[in-house]
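# Residue-level structural notes
As a plain string of letters, each chain reads:
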Amino acid sequence: MTKDIALCPPEDESPSLSSPQKVAAGAAAVASAMGYARSEPGLVRGLKILSQVNQQAGFDCPGCAWPDPKGHRSELGEYCENGAKAVAWESTKKRVGPDFFAQHSVEALGAQSDHWLEKQGRLTHPMVLRPGGSNYQTVSWDEAFALIGKELQQLSKPDDAIFYTSGRTSNEAAFLYQLFVRSFGTNNLPDCSNMCHESSGTGLSESIGIGKGTVTLEDLERAEVIMVMGQNPGTNHPRMLSALQKAKRNDTYIIHVNPLPEAGLISFKNPQEYGGWIGSGTSLSDLFVPVRVGGDLALLNGVMKALLVLEKAGQSAIDRAFIADKTDGFEALAESLTNMSWTGIIQQSGIEQQTIEKIAERLARTERLIITWAMGLTQHKHGVGNIQACANLLLMRGAFGKPGAGACPVRGHSNVQGDRTMGIWEKPKPAFLDSLEQEFGIKPPREHGFDTVEAIKAMHECPGKVFFAMGGNFASATPDTLYTAEALRNCSLTVHVSTKLNRSHLIHGKTALILPCLGRTEVDEQTDGVQFVSMENSMGMVHSSRGKQKPASSELLSEPRIVACLGEAALGKEHSVPWTQLADNYDLIRDKIEACIPGFDNYNARVREPDGFALPNGPREGRFTTPSGRAQFKVHELPEISLPDGHYILMTIRTHDQFNTTIYGLDDRYRGIHNGRRVLLMNPEDVQAQGFKKLQEVDITSYFKGEERYADKFKIVPYPIPRGCLGAYFPETNVLVPIDSYADRSKTPTSKFVEVSLKPSES
Ligand SMILES: Nc1nc2c(c(=O)[nH]1)N[C@H]1C(S)=C(S)[C@@H](COP(=O)(O)OP(=O)(O)OC[C@H]3O[C@@H](n4cnc5c(=O)[nH]c(N)nc54)[C@H](O)[C@@H]3O)O[C@H]1N2
Ligand SMILES: Nc1nc2c(c(=O)[nH]1)N[C@H]1C(S)=C(S)[C@@H](COP(=O)(O)OP(=O)(O)OC[C@H]3O[C@@H](n4cnc5c(=O)[nH]c(N)nc54)[C@H](O)[C@@H]3O)O[C@H]1N2
Ligand SMILES: [Mo]
C-alpha cells in the first residue's frame, strides 16, 4: 500500500459504468432519499424528521446554503435527495460510544475508508487519546475542558493556537466562538470558506463593495438570461433546479458553462411537484458551453470583447449610462480587451469564436442578467480573476440594482456565509474589533491571523501548537494530505467538535480530544429552556432553525455550550464575558450580535418571523459600498497556461453520493459511475491516444514548481470532458493538490487545477 492510500484507504471497489444521465431528480431521487431514510433513522421516524426540513417552524437543512422560498413551502417536502441524505445521516440510529473505541484502536480505524468511518454512527461521549495511547478513552466534560484550558495556557503565545470552523456552525455558536478566540488573543480563525468561496468574497468586495451575492430567489425567476458557471446544481444544490425550472417557465435563456455535461444542467423532473416525477422533465439548458478546465477567464474576456465589437457596429451592447453613473475603470478594461488576441481566448477556453459571439449577441439584448457560480470558478490560481470577470460582465450590462439581475455565488455549507458575517475570519475589520472591545471590554488582537493554508504551514513548521476544530474534517478537506497530516501530528493537542467519526480524529496531535455535539435536527435544551439557532443562507436571508429530535445521546452538548465551557476553562470564571449566561439563553447571544454587527437590529424579534429577514445589501439596491462608492472594473489579462506534452489539468470534484468528505455511498449515479470512487474521467480520444483502456488502472503524478506528488490506482472512465482535462473525486485526490498552489490573493487551494501526468499502474 502506498503512503497516500494509507491516508485515504479505499473500500473494496469494482466500478461499473453506464451512460451518463441526461435528467436530474425524478423518481430515482425520491427512491434514493427514502432508501437513506430507511437505512439510517428508520423509515417512519425518517419521514417524520424530513417533514420538518426547511419548514418555517422546523430546522434548516444541514446540507447546502440554498435559500427557501418565501411564504409557501412545498407539501411534498422542502428538501432534495441530497438534503434527505444529510438529514438521514445525522439522525441515524447507529452509535459510536465508549465500547466502539475500546474495540477499535486508532491504528485499526486508520485502515478503514472515510465512508466506513462516518457510517458507524453518531458520536456519543467525549473521548480522549492520551500521549502514546492506542485507543480513545472516555473522559468527563470537565476534565476535557480543563485539559484544553491547561494546554492553551501553556502556549508561549496565543497565536500558537489555531481555531478552525466548518460552515455548519450556527450564527450563535459562531459569534461566541470568535469572541472566545479573540478574548484568548488571536485572530487565527481559518475556516472552510478559505477553501471554498474565498475568491468570490475577495473579488466581489473589491468590484462591488460586498463579498456576497446580490440576488434573491425571486430574481432568478425574473432573469432574461442566467449563466450557470462552474457549478453542478443537480448534485450540490438540487433545489436550485426548481428555481431554474421556474425561470425556464418564464422563458429565461439558460447558459451552462462547464467542462462536463452534468445531468442537472440538461433536464429536470421536479419531485416537489405533483406529477413532477414523471414525463421527460423540463429542459434547463439553452446553450451548453463545454469550457476547458481553467478556461473561464478567457471565455468571459472573449464575451466582453465581443460586446465591445457589437457596440462598435452600432448596437447598444454596453450600458454606457450605468457605467458613467456608477463605475470606475472601464476604459482600462476596454483597452485590455481590445488588445487581447482571439487566438489566446479560443485556445484557453476551448470554445470557438462563433459560440462566444453568440453569447455576446444574446447578452447585448439582455436587460436582466444573472451569473451564478460555485467551485469551478473559485478554486483556480486565477479564481479572483474569474469572479471579477463575472462582475465586469455584469457591470457592462448594468446588471445591478434591478430585479432579475446580479451576481449569485452559490454557497456550500448551510451557514458558511453566516459564520463569516459573525466574524469567523482571520482578517477582521477594525470596526468589528472596536465593537467587541466596547461591548465586552476585551482587547482583541489587531494583527491578521492564519487562513487555512497558512495554518497548515505554521503547524508544519513549528511543532507544539494547539489545533481546535469547530466541526469539519480538516485532515481530509485540506490540500496536500501528506503534508497536512504531518502538520496535525506536530501539534501538542488536536480537538474536534464533531457529530461523526472522521479521518481528522485519527491523524492527531500528541493528545487528542473528540467533543461530541448536538446536530441540527436535535432539541437544544439549556438552563433557560429549549433554544433555537439561526443561519444566513446563500442570499443573505437570516432565519431560525429548531431541531425536534431527541439528542443522539444525553452526553451531547450544544456548540454554544461547548464554547462557553471553553471560555471559562481557558480564561477563568471572572472573565468580562458572561460565558455561562450567554449559553443559558441564546437570546442573550443574539442581543450581543445585534450590538456588534450592523444589519441585525431587532434580531430577536425579526428572526422569529416565519421567513426571517434580509441583511442589508447595497449593490442589490444599486449602491456600491466600495471606498469610492462606485463599482470597480478590474482588468485581468489571460493567465499563462503552458503544459508539457502528456500533461493534463485535473479538477477534483464531488460525486452525487457525498457531502464534502462525508461519503454516503460509492455511486455517482448521474455520471453513470457505480461502486467506485478511485476513478479518473478522461476524454475518449485522450484515452486512445495514451493507449489506455476503459477501467484500466493508472497512477497519477502531480507537478508543481519542481515537486511531485503521487496518487495511485485510479481506473480510467472515458467521459465527455474536453481534451487535455481530467476529473477525479475529492478527497481521494487531495494528496495531489500542492500546499503552495493557491489562488492569487484569496489563497484558495487550486483544487480545480492540478497539473498531472498518468502512467499505467503496476499490478
Ligand atoms: N450533495 C452535496 N451538496 C453539496 C456539497 C456536497 O459535497 N454534496 N458540498 C457543498 C459545498 S461546501 C460546496 S462549496 C458546494 C460545491 O458545489 P459545486 O461547486 O457544484 O461542486 P463541485 O463538485 O466542486 O463541482 C464543481 C463543478 O464545476 C465544474 N468545473 C470544474 N472546473 C471547472 C472550470 O475550470 N470551469 C468551469 N466552468 N467549471 C468547472 C465541474 O465540472 C463541476 O460540475 O456544494 C455544497 N453542496
Ligand atoms: N480537492 C478538493 N478539496 C476540497 C474541495 C474540493 O472541491 N476539492 N472543496 C473544499 C470546500 S468547498 C469545502 S467547504 C471544504 C469542506 O471542509 P469541511 O467543512 O472541513 O469538511 P466536511 O466534510 O464538510 O466536514 C464533515 C464533518 O463535519 C462534522 N459535522 C457534521 N455536522 C456537524 C455539526 O452540526 N456540528 C459539528 N461540530 N460538526 C459536524 C462531522 O463530524 C463530519 O465528519 O473542503 C474543501 N476541500
Ligand atoms: Mo464549500
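Preceding block: the structure.
What you are looking at is a predicted structure, and each value in this text was computed from that prediction instead of being measured. (Residues numbered from 1 in each chain as written. Chains lettered and ligands numbered in written order. Predicted model: local features only at pLDDT ≥ 70, side-chain atom pairs only at ≥ 80, totals over all residues. Heavy atoms only, no water.)

## Some words on the environment of Ala407
If you trace the backbone, Ala407 turns up in strand β15 (residues 406-409). Residue Ala407 is classed as buried on the basis of its relative accessible area of 0%. Separated by 52 residues in sequence, Ala407 and Met459 have C-alpha atoms that sit 36 Å apart. Not counting the four nearest positions on each side in its chain, Ala407 is found in contact with Leu204, Gly213, Thr214, Val215, Ile371, Trp373, Leu394 and Phe400. (Helix = DSSP H or I, 4+ residues; strand = E, 2+ residues; numbered from the N terminus. Buried < 20%, exposed > 50% of the residue type's maximum accessible area, 1.4 Å probe, protein only. Contact = heavy atoms within 4.5 Å.)

## Focus on the site of ligand 2
Near ligand 2 there are 31 residues, and of these Glu118, Tyr164, Ser166, Ala477 and Thr661 occur at the shortest range. His413 is positioned such that a nitrogen or oxygen atom in its side chain is 2.8 Å from an oxygen atom of ligand 2. One of the side-chain nitrogen or oxygen atoms of Asn502 is found 2.8 Å away from an oxygen atom of ligand 2. (Near = heavy atom within 4 Å. Polar contact = N/O pair within 3.5 Å; in protein donor to acceptor, adjacent residues only side chain to side chain.)

## A look at helix α10 (residues 198-208)
Across the 11 residues that make up α10, a large majority, 8, are buried. For α10, the elements touching its buried residues are β14 (369-373), α19 (375-378), α20 (383-396), β15, α21 (416-421) and β24 (631-632). Gly209 sits one or two residues past α10 and shows a positive phi near 95°.

## Structural notes on the environment of Gly629
Inspection of the secondary structure assignment puts Gly629 in the loop between β23 (613-614) and β24. Placed 421 residues apart in sequence, Gly629 and Ile208 show a C-alpha to C-alpha distance of 8.8 Å.

## Concerning a positive patch on the surface
Taken together, the side chains of Arg45, Lys48, Lys93, Arg95 and Lys550 make up a positively charged region of the molecular surface. Counting through the fold element by element, Arg95 comes out in strand β3 (residues 95-96). (Patch = residues over 30% accessible without salt bridge, like charges linked within 9 Å, V, L, I, M, F, W, Y side chains within 5 Å. Areas by Shrake-Rupley, 256 points an atom, 1.4 Å probe, with all protein chains shown as cover. Salt bridge = Lys/Arg side-chain N within 4 Å of Asp/Glu carboxyl O. Lys, Arg positive; Asp, Glu negative; His and termini not counted. Charge placed at Lys NZ, Arg CZ, Asp CG, Glu CD.)

## What about the sheet that holds strand β21 (residues 533-536)?
The strands making up a sheet associate through hydrogen bonds between their backbones, and the pairing can be parallel or antiparallel. Read from one edge of the open sheet, 3 strands run β21-β22-β23, paired in antiparallel fashion. Only two strands of the sheet have a single partner each, and these edge strands are β21 and β23. Where β21 and strand β22 (residues 541-545) come together, 4 bridges link them in antiparallel fashion. Note on β22: the bridge partner recorded for Ser534 is Ser544. (Pairing = 2+ DSSP bridges.)

## Points about unusual backbone geometry
The residue after Phe730, namely Pro731, is reached through a cis peptide bond having omega 10°. Structurally, the position occupied by Pro731 is in the loop between β32 (725-729) and β33 (754-760). In this structure, Asp480 is a non-glycine residue whose phi angle is positive, near 50°. Positionally, Asp480 belongs in the loop between α24 (474-477) and α25 (481-489).

## Points about the site of ligand 1
Taken together, 31 residues lie near ligand 1, and Asn258, Glu262, Asp296, Gln658 and Asn660 sit nearest. Within the contact set of ligand 1, an oxygen atom lies 3.3 Å away from a backbone nitrogen or oxygen of Gly230. For ligand 1, the protein covers 99% of the area, taking 910 Å² as the surface of the free molecule. Where the shell around ligand 1 is concerned, the elements lending two or more residues are α12 (233-236), α19, β25 (648-653) and β26 (658-659). When its residues are assigned to classes, the shell around ligand 1 shows 12 nonpolar, 15 polar and 4 charged. (Nonpolar A, V, L, I, M, F, W, Y, C, P; charged D, E, K, R; others polar.)

## So, the pattern of salt bridges
Under the criterion given, the structure shown has 45 salt bridges. Here Glu522 ties to Arg122 by a salt bridge, and the two come within 2.9 Å at their closest N and O atoms. With Glu522 in the loop between β18 (511-516) and β19 (524-526) and Arg122 in strand β4 (residues 122-123), the pair connects residues that are 400 residues apart, well separated along the chain. Each member of the pair, Glu522 as well as Arg122, is classed as buried.

## Let's talk about the nonpolar core
Membership of the largest hydrophobic core comes to 60 residues, with the highest contact counts inside it found for Ile148, Leu152, Phe163, Phe180, Phe468, Leu513 and Leu515. Sorting elements by how many residues they give to this core places helix α9 (residues 171-184) first, with 8 residues. If sequence neighbours within four positions are ignored, Leu152 has contacts with Ala161, Phe163, Phe180, Phe184, Val466 and Ala570. Among the nonpolar cores identified, the runner-up in size contains 57 residues, and Leu287, Phe322, Trp373 and Phe400 belong to it. (Core = buried A, V, L, I, M, F, W, Y, C linked by side-chain atoms within 4.5 Å.)

## Some words on the packing of helix α14 (residues 296-312) against helix α16 (residues 330-339)
Direction vectors running N to C along α14 and α16 enclose 100°, while the axes themselves pass 9 Å from each other. One way to sum up the angle between α14 and α16 is to call them roughly perpendicular. In this structure, α14 uses Asn301, Met304, Lys305 and Leu308 to contact α16, whose residues at the interface are Phe330, Leu333, Ala334, Leu337 and Thr338. (Axes fitted to C-alpha atoms, helices over the stretch in contact; angles between N-to-C directions. Parallel < 35°, antiparallel > 145°, perpendicular 65-115°, else oblique.)

## As for the pairing of β22
Most of β22 sits inside the fold, with 5 of its 5 residues counted as buried. Side-chain alternation along β22 places Met541, His543 and Ser545 on one buried face and Val542 and Ser544 on a second face that is also buried. Where β22 lies against β23, 2 bridges are found, and the strand directions are antiparallel. Opposite Met541, over in β23, you have Ala614 as the bridge partner.

## Here's the deal with the packing of aromatic side chains
All chains considered together, the criterion is met by 23 aromatic pairs. Residues Phe180 and Trp579 carry aromatic rings whose centres are separated by 6.2 Å and whose planes lie at 75° to one another, so their mutual orientation is edge-to-face. In this pair, Phe180 sits in helix α9 while Trp579 sits in helix α27 (residues 579-584), placing the two residues 399 residues apart along the sequence. As far as burial versus exposure is concerned, Phe180 and Trp579 are alike and both buried. By the ring-pair criterion, three or more aromatic residues cluster together here, those being Phe163, Tyr177, Phe180, Phe184, Phe468 and Trp579. Lying over the aromatic face of Tyr253, Arg362 brings its terminal NZ or CZ to 4.1 Å of the ring centre. Here Arg546 stacks its cationic end above the ring of Phe532, 4.5 Å away from the centre of that ring. (Phe/Tyr/Trp six-rings, centres within 6.5 Å; stacked < 30°, edge-to-face > 60°. Lys NZ or Arg CZ within 6 Å of the ring centre and 35° of its normal.)

## Focus: the side chain of Asn734
For Asn734, the location among the structural elements is in the loop between β32 and β33. From its side chain, Asn734 meets the backbone oxygen of Ser476 in a polar contact 3.1 Å long. With near-sequence residues (within four places) excluded, Asn734 lies in contact with Ser476, Ala477, Thr478, Pro479, Asp480 and Thr481.

## A closer look at the packing of α14 against helix α18 (residues 353-364)
Contact geometry of α14 with α18 gives a least axis separation of 8 Å together with a crossing angle of 60°. Between α14 and α18, the angle falls in the class oblique. Once α14 is placed against α18, the crossing between them reads as right-handed. For the pair α14 and α18, contact is made by Leu299, Gly302, Val303, Ala306, Leu307 and Leu310 and by Ile356, Glu357, Ile359, Ala360, Glu361, Leu363 and Ala364, respectively. Tallied by class, residues from the contact of α14 with α18 come to 10 nonpolar, 1 polar and 2 charged. (Left-handed = near helix turned anticlockwise from the far one by under 90°.)

## Here we look at the sheet that holds strand β9 (residues 253-257)
Spatially, 5 strands are ordered β12-β9-β8-β14-β15 in an open sheet, and the strand pairing comes out parallel. This sheet does not close on itself; its edge strands, each paired only once, are β12 (287-289) and β15. The sheet shows a mean angle of 15° between the axes of neighbouring strands, direction not considered. Pairing of β14 with β15 involves 4 bridges; the strand directions are parallel. Looking at β15, one finds that Thr372 is bridged to Cys408. Each of β8 (225-229), β9 and β12 is contacted by α14, which is oriented at about 160° to β8, the strand it contacts most. Each of β8, β9, β12 and β14 is contacted by α18, which is oriented at about 140° to β8, the strand it contacts most.

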